[in-house]
Each structure stands twice: as C-alpha cells, then as structure tokens.
Amino acid sequence: LTPAFVPDSVSLKAVFWYAEADVASVQNGLVTALKPGEGKVVAVSVSGELRDSCRVQVIDNWLFNKPAYYRYDMVVYASTRIDGLLEFSPDDYVLAAFVGDELRGVGVSRQAQRISYYEFRIYSNRPRGETVEIRAYRRNHTGVRLLTPTFAFDGETHGSLSHPEQLKVKQE
C-alpha cells in the first residue's frame with residue numbers, strides 16, 4: 001500500500017501502519033496474509049491528524065465458493081504456458097479468473113486423453129460485457145502474473161479439449 005498526500009507539498013509524509021485483525025500484518029505498507037478472514041489495515045500520519053484504511057480479505061489458496069451468488073457463468077478450457085513450461089504442478093501455481101479485483105473463478109487442473117488443461121468456470125451477474133482476466137499466482141513466491149488473452153464475459157464456452165485457449169504470461 002502506498003499513501004498519497006494532498007497537497008503533494010506536505011513535508012512530513014511518514015505514516016504508522018497497523019492491522020486491526022490477525023488475518024494480515026503490515027510493515028512499511030507491505031501487507032502479508034496470515035490466515036483466511038477479513039480485517040482492516042490502517043495508516044496514520046505521524047502527526048496523528050490524518051488516517052485512512054482499507055479492507056483486507058484473505059482467501060485460502062484462492063478458494064472460491066460463491067457461485068450461488070451469481071446468475072450467469074461461462075467456461076474456458078485452456079492450456080497454459082508459464083515460464084516456458086506447458087505443464088506444471090498445481091502445487092506450484094494457482095490460476096484464477098478475475099473481473100477487476102474480484103475473484104470470479106479458480107482454474108481446475110485436469111487431464112483427459114493425455115492432454116493436460118485448465119478448466120475455468122467463471123461467474124457474473126451480468127449476462128455479457130465484463131472483461132475477465134486470468135492471473136497466475138506462484139506459491140511460495142511473491143507476485144501475481146497476468147495471462148493473456150483476456151475474455152469478454154458472454155455466458156458461452158471458450159476452447160475445447162481438442163482446441164483449448166492458449167494462455168501465456170503477458171509480456172510487459
């Protein structure tokens with residue numbers, strides 16, 4: 001997290017950080033997940049006059065269990081290439097579908113007819129139009145990587161076992 005000061009000419013820009021729940025810790029703006037749950041991270045100016053906060057929701061391994069909340073779904077069958085590897089262990093990476101910053105589905109690693117692929121069931125309350133991004137999280141490392149292409153939510157099936165969508169890490 002990075003605090004923004006208005007006006008930018010504020011001379012004392014240091015803040016104290018603390019987490020109001022034991023689901024996460026924060027040090028110098030870096031939030032670390034500790035356990036599943038919800039909490040709040042707070043920044044307080046060193047003068048004590050200003051404070052701001054943000055809600056933190058820690059999800060265990062990107063588990064997703066809210067499909068009953070959504071009215072529509074779509075499926076994507078995809079093969080994925082990350083760091084040059086076409087096949088990798090689900091113990092190494094977790095792949096998930098997002099609309100903005102909202103988790104909308106987790107990829108399930110499957111194999112059929114000696115073909116390895118990921119199946120994504122992606123949920124929405126809008127029948128079409130939302131932009132869906134697939135992101136890859138490498139366990140035991142920091143950072144999440146965006147995969148391409150993105151998809152427009154349309155309630156249809158994308159890809160198949162014989163012709164899966166080809167996902168790869170977006171080059172920056």
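Residues numbered from 1 in each chain as written. Predicted model: local features only at pLDDT ≥ 70, side-chain atom pairs only at ≥ 80, totals over all residues. Heavy atoms only, no water.

## Observations regarding the nonpolar core
Ranked by size, the top nonpolar core spans 19 residues in total, and within it Leu95, Phe120, Ile122, Val132, Ile134 and Leu147 carry the most contacts. At the level of secondary structure, the elements contributing two or more residues to this core comprise strand E6 (72-81), strand E7 (93-99), strand E10 (115-124), strand E11 (131-138), strand E12 (144-152) and strand E14 (165-169). With four residues, the single largest contributor to this core is E7. By size, the runner-up hydrophobic cluster in this structure holds eight residues, among which are Trp17, Ala24, Ala43 and Val58. (Core = buried A, V, L, I, M, F, W, Y, C linked by side-chain atoms within 4.5 Å. Buried < 20%, exposed > 50% of the residue type's maximum accessible area, 1.4 Å probe, protein only. Helix = DSSP H or I, 4+ residues; strand = E, 2+ residues; numbered from the N terminus.)

## Here we look at the pattern of salt bridges
Per the stated rule, a full pass over the model turns up nine salt bridges. Between arginine 104 and glutamate 130 there is a salt bridge whose closest N-O contact spans 2.9 Å. Placement of arginine 104 in strand E8 (residues 102-106) and of glutamate 130 in the loop between E10 and E11 is noted, with a sequence separation of 26 residues between them. An identical accessibility class is assigned to arginine 104 and glutamate 130; each is buried. One network of salt bridges, in which partners are shared, links Asp101, Glu133 and Arg135. (Salt bridge = Lys/Arg side-chain N within 4 Å of Asp/Glu carboxyl O.)

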